[in-house]
Each structure stands twice: as C-alpha cells, then as structure tokens.
Amino acid sequence: MRKSHPVRRVVLATAATVSGVVLMLSLKPSSDPASAQAGGTIPQQTAAAQESAQGGTGAAAGGTVTGDVVQTQYGPVQVRITVSGNKIMKSEAVQAPKGGESDQKTALSVPKLSQDVVAKQSAQIDTVSGATYTSEGYKKSLQSAIDKANEAASQAQPSAQPSQPAGGGGAAAAKTVTGTVSQTQYGPVQVRITVSGGKITKAEAVQAPKGGTSDQKTELSIPKLNQEAVAAGSADIDSVSGATYTSEGYKKSLQSALDQAGG
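Residues numbered from 1 in each chain as written. Predicted model: local features only at pLDDT ≥ 70, side-chain atom pairs only at ≥ 80, totals over all residues. Heavy atoms only, no water.

**Overview of the environment of Arg80**
- Take Arg80: it is sitting in strand 3 (residues 75–84).
- For the pair formed by Arg80 and Leu142, sequence separation is 62 residues and the distance between their alpha carbons is 7.2 Å.
- When sequence neighbours within four positions are dropped, the list of residues in contact with Arg80 reads Thr64, Val65, Thr66, Lys90, Ser91, Glu92 and Val94. (Helix = DSSP H or I, 4+ residues; strand = E, 2+ residues; numbered from the N terminus. Contact = heavy atoms within 4.5 Å.)

**Focus on the pattern of salt bridges**
- Enumeration over the complete set of coordinates arrives at eight salt bridges.
- For Lys120, the salt bridge identified is with Asp126, shortest N-O distance 3.3 Å. (Salt bridge = Lys/Arg side-chain N within 4 Å of Asp/Glu carboxyl O.)

**Looking at the layout of surface pockets**
- Quantified by volume, the largest pocket comes out at close to 720 Å³.
- In terms of lining, the largest pocket is formed by 33 residues, of which the most central are Glu136, Lys139, Ala205, Thr218 and Ile222.
- Of all elements in the fold, only strand 2 (70–72), helix 5 (132–156), strand 7 (187–196), strand 8 (199–207) and helix 6 (213–232) reach the threshold of two or more residues within the lining of the largest pocket.
- Its residues assigned to classes, the lining of the largest pocket comprises 13 nonpolar, 11 polar and nine charged.
- Here the second largest pocket defines a volume of roughly 150 Å³.
- Taken together, the elements giving at least two residues each to the lining of the second largest pocket come down to helix 4 (101–120) and helix 5.
- The greatest single-element share of the lining of the second largest pocket, amounting to four residues, is contributed by helix 4. (1 Å grid on protein atoms, 1.4 Å probe; cavity = no way out; pocket = protein on both sides within 12 Å on 5 of 7 lines; lining within 4 Å. Points joined across faces, edges and corners; volume = space filled by probe spheres on them. Nonpolar A, V, L, I, M, F, W, Y, C, P; charged D, E, K, R; others polar.)

So, in structure tokens, the structure goes:
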C-alpha cells in the first residue's frame, strides 16, 4: 500500500489555487475608465455626467415652451417653440382658427409665420396679408413663449455668464417692459419693448385699435412705429400719416415703457 506524501499534496493544492486565480484574472473585464476612453468608448458614469452637464432638459439649454392662448375674432391661437442652444429651432401653432374660411387662412398664414420666426429669431415678424387676426394672435402667443423661455434660462443659470436667450439679447442684460395702456379715439394702444445695453432692441404693440378701417390703419402704422422706436431708441418718433391717433397712443405707451425700463 502506497503512502501518501503530505508535502506533495500541499504542492499540488498550491498549484491548483494559482491556476484558478490566473484564470479568473484573464476572464475579468476591464472597468478602468481611462482604458475604456482610450479604446474609443465612454464609461456609463462619464456619459451620464456629460449629458447632465450639457443640460438635456430645460429652456436654458433646450426644450419646448408653449405660449399663452390668445383669443382672436376668429378663434384662439397658441404657439409652441422649440429652443436649442438659445436659438429658436422650430415654431408651430398648437391652436389656430378653424372652420369655414378660417381653415384656408390658417393653412395660408401659419406655415409662413412659423418660418419667419425661425428666420428672425423674435416675435417681430411680418403679418400675413389676408390673415391679420391670426397673425397678430400668433405674434402675441409667440412673444409669451419667448418670455417664458428667457425666464427659465435666467433661473436655470443664476451664476453663469449671461447667454443669448431665444428671440432677444442676453437674459441677464436684457429685460422686457410693457407700457401703460393709452386710450385713443379708436381704441387702446399698448407697447412692449425689450431693452438691452441701454438700447431698445425690439418694440411691438400688444394692443392696437381694431375693427373696420382701424384694421388697415393699425396694419399700416404699427410696423413703421416699431421700426422707428428701435431706430430712434426713444419715444421721439414721427407719427404715421393717416394714423395720427394710433401713433400718438403708441408714443405715450412707449414712453411709459421707457420710464419703467429707466431709459
């Protein structure tokens, strides 16, 4: 009968253990972030951190903002914008007048208005001929969406450097002020301005006379008055011939907005 050798058993057991450890090491996947990056991949934790830093949600870095509903003579208008990199990438009407002739006017005007928004990056867009009410409602709802996006961007980056918000100047440097309502013989006039760096960068009428011949006078005068306000940087602008009352009301409301803005 063969005798067992304790020393031999110890040697064999040690060799088996070493072989097992070597095998486990050869099968263990690499979890070193540096080696993973060197291989052209980003570890999951790193990718998540990058996504968080880029700000995947929120108007400051990008997102969708819906403006207020604006009631018009032919129905409600509501605009939604998509903001990315502090630019308006898309504008669309989630509500627009419909039924009868309104269907044709909506189909004619909304695509043009939406394209104009992306091109001009503001609510200072042209009214579509034949769809005045829809155009004005679109612009008002659009402005409210832009205001919301700028406010969200400002709140999301309280300690960051001022950035270019949607449709205007830097959120920290620019502010939007609405003047008091000026009553005229043909209806109320109210002006809203955006001021940045001590200058008027945008002016618009949020209220203007409407109905009958007032529609034509408003459509004729308001765009000119808006341009004059930005060019002059003050309420010292010329009245539009044929729309004297509207022009005077515009200037009064504009001056009150400037007074509020400190300009």
